[in-house]
Number of protein chains: 2
Amino acid sequence: MVDDTLSGMKMMLVICDGMGDRPVAELDDKTPLQYANCPNFDWFAKTGICGIMDTIAPGIPPGSDTAHLALLGNDPFEVYSGRGPFEAFGIGMDVRPGDVILRGNFANVDENRKIVDRRAGRIKEGTSKIAESLNGMEIEGVQILFQEGTEHRAALLLRGEGLSSEIGDTDPHRTGCCPEKAEPRSPSAKKTADVVEEFSKRAQDILKEHPVNKERESQGLLPANYILLRGSGTAPKLISLKEKYGLKSAAVVGVMLVKGVCKALGMETIKVEGATGGVDTDMMAKARTAISALGDHDFVLLHVKACDVYGHDADARKKVETIERLDEMLGYVKDNISNTCVAVTADHSTPVSVRNHSGDPVPLAIVGPGVRVDDVTSYDEISMAKGDLGRIRGKDLLPILLDIVNKSEMYGA
Amino acid sequence: MVDDTLSGMKMMLVICDGMGDRPVAELDDKTPLQYANCPNFDWFAKTGICGIMDTIAPGIPPGSDTAHLALLGNDPFEVYSGRGPFEAFGIGMDVRPGDVILRGNFANVDENRKIVDRRAGRIKEGTSKIAESLNGMEIEGVQILFQEGTEHRAALLLRGEGLSSEIGDTDPHRTGCCPEKAEPRSPSAKKTADVVEEFSKRAQDILKEHPVNKERESQGLLPANYILLRGSGTAPKLISLKEKYGLKSAAVVGVMLVKGVCKALGMETIKVEGATGGVDTDMMAKARTAISALGDHDFVLLHVKACDVYGHDADARKKVETIERLDEMLGYVKDNISNTCVAVTADHSTPVSVRNHSGDPVPLAIVGPGVRVDDVTSYDEISMAKGDLGRIRGKDLLPILLDIVNKSEMYGA
């Protein structure tokens, strides 16, 4: 008697960004997940198989890009080559293997080139016109593509012979000082560093006179008169989820860097009305979109950012509230899935006591036909370490889900 | 105070092929191991240290060959190079590094070369005479060795310069169509594909007139008039258990492919009267042989196939019955070992709901002097995940056993 539900089963991966935490004094030494009232999270723990997961490796704080590369079946130590390429994928640039890409910020400097604001007064409008004026240069035979992202974000793409991503940031990550010179980190990166320096100079000249900036100045706003660059990386050779696993896949995700990873892996990214990638995002709209996407996709990723923000802000109460909002969203997921294997987890911990990503493992529950249900009843970092999944690595999650839905391939005979 | 029993301690590895499973509806949502009455399995859980094991890696369904390579201390991703070589080792061919080997089937095709039966009416007799007629050819300077296995099984070995295992199967794995052409999967494999094509043609001519086939036709049996080939692989460079760990080792195993892995690692394989490699095998005879082999070996592997068959057949009740027969066998093992570290496990799960190998981890219990006995009391997939071994990889099992019997080597100073 074969379980027919296995064929055609779907997979859904819910990622609550930065949800993992440590015991917090003001929450009676509980973690936000332990403290929050979250019956739907607990339903996933009770109904599924539980465990904890080192997204990258024990003790290593994951980035958003490396974490998602791992959760989507890659060994980040093998494939990761810097943030830039994923930013560029995220904003929809035509990224090709070998391209060198840097993340850019529209910034403001004073007459002495001292940085006043790394985000040019959180500029929101006019960036596409500014980007246009910087796009399409050629320097030392290298083709320059430049494109704006959301708000103050942009990407610089270099295409040509003899490039290397081994260059330092021009963004010093603070204000009051001058931008850094693009430093080659290896002899073979000298040309690339020179091209980046020359781009920075030409950009400064162009931006000084740019009509968008003239307009901003007339309104008393900081002009975006400098491009700060960081996160140099070479476009990685990645195998799409379609090619690697035969999966038609989609991602419901607001954060550009995560979206970039999904696009780099050939996933369709679906826009959601009301989804901002921030704390005010419409989670229920995202969940509805994700559930609906299951109709014509084998695999859907649903990513919600908000928890991470309150980890960075060290706001334990708001993190608890956010978890309770996520719980509502999970209730909707629970009530509207059928014939689907659902994993609920985080990409990393962002403990309020750390105010940054930490290497603490994240909780993971997997619900679906045929899973070996264990006796864990509470969805939190402490209880779930006792679950039957044990302690796994992020890169092993997708193979485990594929195996549950009977889409794994035997290794050997 | 050193435990003197450690010196001279033996090791035994009991592998119940395909025993791992998932909750089954008709067994009250228990796994066959949970449902079966198996006091001796439970004794091993109670008396030993327990855990679960990913023979290859989480979520990856192991083959019989890759699983046993791992359980015998190898990283299958490093050493595995296709099924053919292990089939050839199994039937006792003189396999040398660099040989390219394919698994063969004695098959039947009609006058239009359409496949009627991939096993030539499950031919049992006369195959050694047929094989003899195909053995010893030379094609394009390549030496051809051909040898029969059990029943319809055989192996084709190519030895010579410029060979590659990068060729496709000629066996289309179904009937009613013609055999495939041996396709080179890389430019360097063209010669090998040509040799295989030429062998297939010459074999067809020889088999058409072969006296064994004439005799079969006169009896109304399907003649074995075609050789279907698959699983091309290059003979791997393996280090024997003797060389790697100083172990004098033996295997009690019926299945040819597993026997091949054991032989490739230099293990003595011991024939057992009444052992068939099938569901009707005399398990008690195998256990007696294995226990007796401990007398003059450091390490004995005891492999019993039956559970796997009922997983493939999706017969939950028969799988439960088989586990109860295995339990009797384990009772004998329990009562007749002394000064021996015994591990009881499976090579992979073959869930009745999947009808095939799955990537679900397998249960593992290790009993022996000095092991850290945990509080697991039931031998099954769910309970044992809580054991003190945690979740380990197959390739780590043999080092763990060697360490328990004090035969491990320090790494470092």
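Residues numbered from 1 in each chain as written. Chains lettered and ligands numbered in written order. Predicted model: local features only at pLDDT ≥ 70, side-chain atom pairs only at ≥ 80, totals over all residues.

Before going further, it helps to examine the overall build of chain A. Scanning chain A from N- to C-terminus turns up 14 helices and 14 strands. Here the C-alpha atoms of chain A give a radius of gyration of 22 Å, agreeing with the 22 Å that 2.2 N^0.38 yields for 413 residues. For chain A, the spread of C-alpha atoms along the three principal axes comes to 70 × 55 × 35 Å. Buried residues in chain A amount to 56% of all 413 residues. Sequence separation of at least 24 residues holds for 70% of the intrachain contacts in chain A that already meet a minimum separation of 6. (Helix = DSSP H or I, 4+ residues; strand = E, 2+ residues; numbered from the N terminus. Rg over C-alpha atoms; globule rule 2.2 N^0.38 Å. Buried ≥ 20, exposed ≤ 12 C-beta atoms within 10 Å, placed from the backbone. Contact = placed C-beta atoms within 7 Å.)

Each copy of the sequence occupies a distinct position, and chain B is placed on chain A by a rotation of 124° and an axial shift of 0.2 Å, giving an RMSD of 0.1 Å. Those values place the two copies in the arrangement expected of a three-fold rotation axis. A share of only 3% of interface residues in chain B that are also interface residues in chain A marks the association as one of differing surfaces. (Least-squares fit on C-alpha atoms with pLDDT ≥ 70 in both.)

Moving on: the domain arrangement of chain A. All names here are of chain A. What the domain assignment lists for chain A is domain 1 (4–79 + 238–404) and domain 2 (86–234). Computed from C-alpha coordinates alone, the two centres of domain 1 and domain 2 are separated by 33 Å. Contact residues are listed per partner, giving 8 residues for domain 1 and 9 residues for domain 2. Looking at the side of domain 1 that touches domain 2 element by element, the count peaks at 7 residues for helix α10 (residues 256–264). Counted by class, the side of domain 1 that touches domain 2 contains 4 nonpolar, 1 polar and 3 charged residues. (Domains from an automatic or database assignment. Nonpolar A, V, L, I, M, F, W, Y, C, P; charged D, E, K, R; others polar.)

Let's shift gears to the environment of Val304 of chain B. Residues and elements named next belong to chain B. Along the polypeptide, Val304 turns up in strand β11 (residues 299–304). Note on Val304: 26 C-beta atoms within 10 Å, which makes it buried. Expressed as a C-alpha distance, the spacing of Val304 and Val279, which sit 25 residues apart in the sequence, is 8.9 Å. The contact partners of Val304, leaving out residues within four places of it in the chain, are Cys16, Asp17, Thr281, Met283, Lys286 and Leu326.

Next up on the list: helix α11 (residues 283–293) of chain A. Residue and element names in this part refer to chain A. Regarding α11, the residues found buried are Met283, Lys286, Ala287, Thr289, Ala290 and Ala293. Viewed end-on, α11 has its buried residues packed into an arc of 165°, placing them on one side of the element. Considering only its buried residues, α11 is in contact with β1 (10–16), β9 (249–252), β11 (299–304) and α13 (316–336). (Arc of directions from axis to C-beta.)

Here we take up the confidence of the model for chain A. Chain-level pLDDT for chain A is 95 on average; 98% of the residues reach the 70-or-more range. Quick note on the complex model: pTM equals 0.92, ipTM equals 0.91. (pLDDT = per-residue confidence, 0-100.)

Another point: the interface of chain B and chain A. Chain B puts 34 residues into the contact, and the matching count from chain A is 21 residues. Within the residue set of the side of chain B that touches chain A, elements represented by two or more residues are α3 (64–71) and β14 (390–393) of chain B.

If you look at the biggest cluster of nonpolar residues, it comprises 133 residues, and the most contacted ones within it are Val14, Val300, Leu364, Ala365 and Leu401 of chain B. Looking at this core element by element, the count peaks at 7 residues for helix α13 (residues 316–336) of chain B. Of the domains in this structure, domain 1 (4–75 + 238–404) and domain 2 (86–234) of chain B are the two that each give at least three residues to this core. When near neighbours in sequence (up to four residues on either side) are disregarded, Val300 of chain B contacts Met12, Ala250, Val252, Ala290, Ala293 and Leu294 of chain B. Among the nonpolar cores identified, the runner-up in size contains 130 residues, and Met9, Val253, Met329 and Val344 of chain A belong to it. (Core = buried A, V, L, I, M, F, W, Y, C linked by C-beta atoms within 7 Å.)

On to the packing of helix α2 (residues 39–47) of chain A against α13 of chain A. Helix-helix packing is characterised by the crossing angle of the two axes and by the distance between the axes. Residues and elements named next belong to chain A. At a closest axis distance of 7 Å, the pairing of α2 and α13 adopts a crossing angle of 50°. Classified by the interaxial angle, the pair formed by α2 and α13 is oblique. Counting all contacts with α2, which are made through Pro39, Asn40, Phe41, Trp43 and Phe44, the residues of α13 involved are Asp327, Leu330, Gly331 and Lys334. Tallied by class, the residues present in the contact of α2 with α13 amount to 5 nonpolar, 2 polar and 2 charged. (Axes fitted to C-alpha atoms, helices over the stretch in contact; angles between N-to-C directions. Parallel < 35°, antiparallel > 145°, perpendicular 65-115°, else oblique.)

A regular strand carries its side chains on alternate faces of the sheet. All names here are of chain B. Taking burial as the measure, the 9 residues of strand β8 (residues 226–234) include 8 buried ones, the bulk of the element. Across 7 bridges, the pairing between strand β3 (residues 100–109) and β8 is antiparallel. Bridge assignment links Asn105 to a residue of β8, and that residue is Leu228. (Pairing = 2+ DSSP bridges.)

All names here are of chain B. If you trace the 8 strands from one edge of the open sheet to the other, you get β10-β9-β11-β1-β12-β13-β2-β14, paired in mixed fashion. What marks the edges here is a single partner per strand, and that holds for β10 (268–269) and β14. As paired elements, strand β9 (residues 249–252) and β10 share 2 bridges and run parallel to each other. Residue Ala250 lies in a different strand from β10, and its bridge partner there is Glu268.

Residue and element names in this part refer to chain B. With 6 of 6 residues buried, strand β2 (residues 49–54) is to be regarded as a mostly interior element. Going residue by residue along β2, you find Ile49, Gly51 and Met53 tucked away on one face and Cys50, Ile52 and Asp54 tucked away on the opposite face as well. In the sheet, β2 pairs with strand β13 (residues 362–367) via 5 bridges, with the strands oriented antiparallel. Bridge pairing in β13 links Ile49 to Ile366. In this sheet, β14 lies alongside β2 in parallel orientation, the contact comprising 4 bridges. Within the sheet, the bridge partner assigned to Gly51 lies in β14 and is Gly390.

With that settled, the discussion passes to the sheet that holds strand β2 (residues 49–54) of chain A. Pairing is mixed across the open sheet formed by 8 strands, whose spatial order is β10-β9-β11-β1-β12-β13-β2-β14 (chain A). Pairing within the sheet leaves two strands with one partner each, and these edge strands are β10 (268–269) and β14 (390–393) of chain A.

A word on unusual backbone geometry. For Asn406 of chain A, which is not glycine, the phi torsion reads 70° and is therefore positive. Summarising the element assignment, Asn406 of chain A is placed in the segment after α14 (397–404). A positive phi angle, close to 60°, is found at Asp29 of chain B, a residue other than glycine. With respect to the helices and strands, Asp29 of chain B occurs in the loop between β1 (10–16) and α1 (32–35). Residue classification places Asp29 of chain B among the exposed residues on the basis of 12 C-beta atoms within 10 Å.

Regarding α2 of chain A, the residues found buried are Asn40, Phe41, Asp42, Phe44 and Ala45 of chain A. Of the surrounding elements, those touching the buried residues of α2 of chain A are β2, α13, β12 (340–345) and β13 (362–367) of chain A.

It is worth spelling out the environment of Glu148 of chain A at this point. All names here are of chain A. Within the element layout of this structure, Glu148 appears in strand β6 (residues 142–148). The class for Glu148 is buried, based on 23 C-beta atoms found within 10 Å. Spatially, the C-alpha atoms of Glu148 and Lys129 are 9.0 Å apart, while their sequence positions differ by 19 residues.

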